[in-house]
Amino acid sequence: MEHSDHGGHSKHEHEAHDHEYEAHDHEHGHEAHGHGESPVDDHAHHGHAHGHAHGHGHSHALTAEGINKRMGLAVVLNLIFVVIESGFGFLSNSVALIADAGHNLGDVLGLICAWTAIVLTRRPPGGKFTYGLGRSSVLAALTNAVLLLVACGAIAWEAAMRLASPPAVAGTTVMGVAAIGIVLNGVSAWLLHGGSHDDLNRRSAFIHMLGDAAISAGVLVSGALIVYTGWNWLDPAVSIVIVAIILVSTWSLLRDSINLSLDAVPEGVNSTAILSFLSGQQGVTDVHDLHIWALSTTSVALTAHLVVPDREADDALLGSLTPNLKQRFRIDHATLQIERDRCVHGCRG
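Keep in mind it's a predicted model, so treat the numbers as computed, not measured.

A few points about the pattern of salt bridges
Here is step 1: Evaluation of the coordinates by the stated rule reveals three salt bridges.
Here is step 2: A salt bridge links R135 to D263; the shortest N-O distance between them is 2.7 Å. You can see R135 sitting in the loop between α3 (95-121) and α4 (136-164) and its partner D263 sitting in the loop between α7 (234-261) and α8 (271-279), a full 128 residues away along the chain.
Here is step 3: For R135, a relative accessible area of 28% corresponds to the partly exposed category.
Here is step 4: The salt bridge involving D332 is made with K326; its shortest N-O contact spans 3.2 Å.
Here is step 5: Residue classification places D332 among the buried positions, given a relative accessible area of 1%.

Encoded structure:
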C-alpha cells in the first residue's frame, strides 16, 4: 500500500481526504489478529479505519481437529502401503509395483507438507509475519508438484530400461498388492475429499490419492494379464502409463501453485469483473492500483485506490464494498484507499 502527500493540502486536509479501509475475513477463530505487534498498526495513526469479520464457510466444512485427524490417518495408511508395495515389488520383480511405491512415497511427503501447511495457516499474524503463514500452503502445493515430477523421472527411466529386456514378474503377487492399494488409496481419497474443492493444497492431496487408487487398478489389470498371457513387458509398459497419468494430473497443480507463488490473480477470481464492480459504485470516478493475490490457498487479498470526489459517499462505500467483495468475488481481505483526485501524488499501478 502506498501512502503519499497531497501537494499544498494542510495536515488536516490530508487526514480528512485520504482514508484507507480494511476488511479481514480469516479462517482463524480468534478476534485479535496480532496487529498490535506489527508496524502496519501505524495505520491507526493516519486516519485509517479497520473492520474485521471472520469465516470461511465455503471451504472449511470440516473442523480443524477433523482435518488433522483425516490428514494423519491418510499419512499412516499410505506409509503402510508404501512398505507393503515396495517390499512385494522387489520380491515379485515388478517395476510397476516399485514405481507406484515410489510415487506413493512422494505422495506421503506431499501429504506431510500439506498437513504442515494447514497447521501453519492457522497461526495468527504477528510482528514479522503480518499476514500470518497462510502462504505456506502455496509452498506446500508447489513442493508436492515438484516431488511428483522427480518421482516421474525416476520411474520412467527404470521402466524404459526394463522394457528393453522385461524380467519375469509374479503376476499374482502384483494383483494382490494392487488390490490392497485400491482400498487404502480409496479410503485416503475419501478422507481428504471434504473441503478440497476450494483449497489448492488439500485438492492436490485428494487428487493424488484418487489417482493412486486408479493407478492401483491399472496395476491390478496388468498383473492379471501377465498371469494369463505371460507378457512380462506389460509391467514396465504399465509403469510408463502410470507416469503419463501422474504428469497429466500434476500439470494443473504445478501451474496453479507457481501462479500463486508469483502473486498472480487466483484461479476463479475475475479481476476484470472486480474492476468493473468497483468503478460502477456510486461516487467512484476512477479506480487504480488494483492488486489481487492469494494470501494462502484458501484466502484472497485485494488492494485498490478509489477516487471519490464527494466525501459524503465514503460512509456508504465503507459499509457496502467489503462485504460485497467477499460475497460476490470471495475476496477475504480487502484494503481500499479513498482519494479525492486522480493520483496526483505518484501512485503506481
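Thoughts on unusual backbone geometry
Here is step 1: For D289, which is not glycine, the phi dihedral falls at a positive 50°.
Here is step 2: When you line up the elements, D289 lands in strand β3 (residues 286-294).
Here is step 3: A residue is classified by how much of its surface remains accessible, and D289, at 7% relative accessible area, is buried.
Here is step 4: The phi dihedral of R330 falls on the positive side, at around 60°, and the residue is not glycine.

Let's talk about the packing of α8 against helix α9 (residues 314-329)
Here is step 1: Running from N to C, α8 and α9 cross one another at 150°; their axes reach a closest spacing of 12 Å. Accordingly, the angle class assigned to the pair α8 and α9 is roughly antiparallel. Read as a crossing pair, α8 and α9 show a hand that is right-handed. Along its contact with α8, which presents A273, I274, F277 and L278, the element α9 presents L321, N324, L325, R328 and F329.
Here is step 2: Looking at the contact of α8 with α9, its residues break down into seven nonpolar, one polar and one charged.

What counts, and where the lines are drawn
- Residues numbered from 1 in each chain as written.
- Predicted model: local features only at pLDDT ≥ 70, side-chain atom pairs only at ≥ 80, totals over all residues.
- Heavy atoms only, no water.
- Salt bridge = Lys/Arg side-chain N within 4 Å of Asp/Glu carboxyl O.
- Helix = DSSP H or I, 4+ residues; strand = E, 2+ residues; numbered from the N terminus.
- Buried < 20%, exposed > 50% of the residue type's maximum accessible area, 1.4 Å probe, protein only.
- Axes fitted to C-alpha atoms, helices over the stretch in contact; angles between N-to-C directions.
- Parallel < 35°, antiparallel > 145°, perpendicular 65-115°, else oblique.
- Left-handed = near helix turned anticlockwise from the far one by under 90°.
- Contact = heavy atoms within 4.5 Å.
- Nonpolar A, V, L, I, M, F, W, Y, C, P; charged D, E, K, R; others polar.

In short, geometric facts, not functional conclusions.
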